[in-house]
Amino acid sequence: MTTTLPKTAPASFPSSRRLLLWSGIAALCAWVLVPIYLVALGAFGGRQGVYLWPKTVLPTGVSIEPFLLFLRTEGVVGSFLNSLGAAGITVALSILLGAPAGYALARYSFPGKDGYRLLVLLTRAFPLAILALPLTVSFIKLGLYDTVLGVGLIHTVLALPFAALVTQGIFLGVPRELEEAAWVFGCTRLQAVLKVVVPLAMPGLAATAVFAFVISWNEVFAASVLTVRNRTLTAYLLTVLAESPMHYRFAGGLLLILPSVVFIFAVRRYLFAIWGISSK
């Protein structure tokens, strides 16, 4: 009587899977980094860098001077600071208003809770263009027209629904028993939230802050309609780059990319914590 041994997986299977994993990671990194590299090449290479073909991995003749020349263009630095101010207002208000709303949705039951969630979500489906004229008239009456604060408030309205719904899911993931234990040890409700819930929810709050920052930084319609002199960077570039040299356009694109990358890098350890990855 003969017996057949069970078939075993090839010894190279783990290595093949590891190779496939790293190949996917490399392709994803190339998908993200290659466009940024090409934009930087056009920004720092001047006219020659824009029209150089074929592109080289280590280009020659690259200098920071073309990018500095773009930064010295009238209005660029001012619009850049306006965008930072509007984005800062958006991030702060989205967290300060969205996180309490998300906590209330996660911890309390009240009449109309499901309808409230639906209404919050529907605000993102309402086209902003319809409100352009009423908003302009209202902002002129309130003294908010052509101000960074006014742009920041509009961007907060765009980011707030996402902030409320995302933080609700984050707070649902924090066990209620931890708050109750804090109450037993003498903490008030507010102290329990600040000392127990908020540190555990920090990765989700960081992701919400990144989303709010990107919404404000990339938004152009409201900033173009509600500003004339104090334009944000996107609104300013929309008006001046249409007739600018190509390398100026690449410089403007790089200037739009860098702050988002820096902001995401600054909060990376909280974002990594979502997937259980530690970062120092």
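Residues numbered from 1 in each chain as written. Predicted model: local features only at pLDDT ≥ 70, side-chain atom pairs only at ≥ 80, totals over all residues. Heavy atoms only, no water.

**Notes on the UniProt feature "transmembrane region" (unreviewed entry) in the chain**
Mapped onto this structure's residue numbering, the UniProt feature "transmembrane region" (unreviewed entry) falls at residues 20-40, 52-71, 83-106, 118-140, 152-175, 196-217 and 250-271. Counted over residues 20-40, helix gives 100% and strand 0%. Its end C-alpha atoms are 30 Å apart. Span residues 196-217 is 100% helix and 0% strand, its end C-alpha atoms 32 Å apart. (UniProt positions renumbered as here; feature names shortened; annotations may be inferred. Helix = DSSP H or I, 4+ residues; strand = E, 2+ residues; numbered from the N terminus.)

**Observations concerning the layout of surface pockets**
One simple way to see leftover space: roll a probe sized like a water molecule over the atoms. The space that makes up the largest pocket amounts to roughly 410 Å³. Lining the largest pocket we find Ile-25, Leu-28, Cys-29, Val-32, Leu-33, Ile-36 and Val-261. Here the element with the most residues in the lining of the largest pocket is helix H1 (residues 13-51); it accounts for 6 residues. Split by residue class, the lining of the largest pocket holds 7 nonpolar, no polar and no charged. (1 Å grid on protein atoms, 1.4 Å probe; cavity = no way out; pocket = protein on both sides within 12 Å on 5 of 7 lines; lining within 4 Å. Points joined across faces, edges and corners; volume = space filled by probe spheres on them. Nonpolar A, V, L, I, M, F, W, Y, C, P; charged D, E, K, R; others polar.)

**Points about a nonpolar patch on the surface**
A cluster of nonpolar residues, Leu-28, Trp-31, Val-32 and Leu-33, forms a patch on the protein surface that exposes about 490 Å² of accessible area. Counting through the fold element by element, Trp-31 comes out in helix H1. Residue class for Trp-31 comes out exposed when judged on its relative accessible area of 69%. (Patch = residues over 30% accessible without salt bridge, like charges linked within 9 Å, V, L, I, M, F, W, Y side chains within 5 Å. Areas by Shrake-Rupley, 256 points an atom, 1.4 Å probe, with all protein chains shown as cover. Salt bridge = Lys/Arg side-chain N within 4 Å of Asp/Glu carboxyl O. Buried < 20%, exposed > 50% of the residue type's maximum accessible area, 1.4 Å probe, protein only.)

**Points about the packing of aromatic side chains**
In the structure shown here, the tally under the stated rule is 5 aromatic pairs. Measuring from centroid to centroid gives 5.5 Å for Tyr-103 and Phe-171, while their planes differ by 85°, and the two rings are edge-to-face. Highlighted residues: Tyr-103 in helix H3 (residues 76-107) and Phe-171 in helix H6 (residues 148-172), separated in sequence by 68 residues. Classification of Tyr-103 as buried rests on a relative accessible area of 13%. These aromatic residues form a ring-pair network of at least three members: Phe-80, Phe-213 and Trp-217. (Phe/Tyr/Trp six-rings, centres within 6.5 Å; stacked < 30°, edge-to-face > 60°.)

**Some points on empty space enclosed by the protein**
Evaluation of the coordinates by the stated rule reveals 1 cavity of 30 Å³ or more. Considered as a void within the structure, the largest cavity measures approximately 40 Å³ in volume. Lining the largest cavity are Leu-128, Ala-132, Leu-135, Phe-221, Ala-222, Val-225 and Leu-226. Counting only elements with at least two residues in the lining of the largest cavity, the list comes to helix H5 (132-142) and helix H9 (221-225). In terms of residue count, H9 provides more of the lining of the largest cavity than any other element does, 3 residues in total.

**Remarks on the pattern of salt bridges**
One pass over the structure, following the stated rule, counts 3 salt bridges. In this structure, the salt-bridge partner of Arg-107 is Glu-179, at a minimum N-O distance of 2.5 Å. Pair noted here: Arg-107 is in helix H3 and Glu-179 is in helix H7 (residues 176-184), with a separation of 72 residues, a long-range link. Pair check on accessibility: Arg-107 and Glu-179 agree, each one buried. The salt bridge involving Arg-229 is made with Asp-146; its shortest N-O contact spans 3.5 Å. With Arg-229 in the loop between H9 and helix H10 (233-240) and Asp-146 in the loop between H5 and H6, the pair connects residues that are 83 residues apart, well separated along the chain.

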